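The chain contents come next:
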Amino acid sequence: MEEHHEDHGHSTAAWTAVGIMLVGAALGSIAVVIPSLVLGIVAAVVIVAGAVAGKVLAMAGYGSKAHDREGEDLLADAPDERGTSTVGKS
């Protein structure tokens, strides 16, 4: 029987989004320490840009393969009305 593994979103799109958003969070932290409204606004823009970049990359095919096949019944996390048993780590 083939074993299914969850990838939890480990993809180029996810890593890129998180990396950009971490830079934005670091900038936001610096903006709080040295009170700077301009740096705070830049940090917010970078965080939003990270989220947008992740979504764009996912739509371009760099996202998780499991999320691309949402309509298929690859894994069942909880029982449903069809009687599918629970699969995964709980």
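Remember, predicted model here, so these are calculated numbers, not experimental data.

**So, the overall build of the chain**
- When helices and strands are counted, the chain shows 3 helices and 0 strands.
- Of the regular secondary structure in the chain, the N- to C-terminal order runs α-α-α.
- Taking as baseline every contact in the chain between residues at least 6 positions apart, the subset at least 24 positions apart corresponds to 55%.

**A look at the environment of Met-59**
- Mapped onto the secondary structure, Met-59 falls in helix α2 (residues 37-62).
- Each C-alpha atom, one on Met-59 and one on Ala-13, is 9.0 Å from the other, the two residues being 46 residues apart in sequence.

**Description of the confidence of the model for the chain**
- Confidence in the prediction for the chain averages 77 pLDDT; 62% of positions are at 70 or higher.
- Per-element averaging of pLDDT across the chain places helix α3 (residues 65-68) at the bottom with 56 and helix α1 (residues 12-33) at the top with 92.
- Confidence drops under a pLDDT of 50 for residues 72-76, and excluding neighbours within four residues, the segment shows 10 contacts in the predicted structure.

Rules and cut-offs
- Residues numbered from 1 in each chain as written.
- Predicted model: local features only at pLDDT ≥ 70, side-chain atom pairs only at ≥ 80, totals over all residues.
- Heavy atoms only, no water.
- Helix = DSSP H or I, 4+ residues; strand = E, 2+ residues; numbered from the N terminus.
- Contact = heavy atoms within 4.5 Å.
- pLDDT = per-residue confidence, 0-100.

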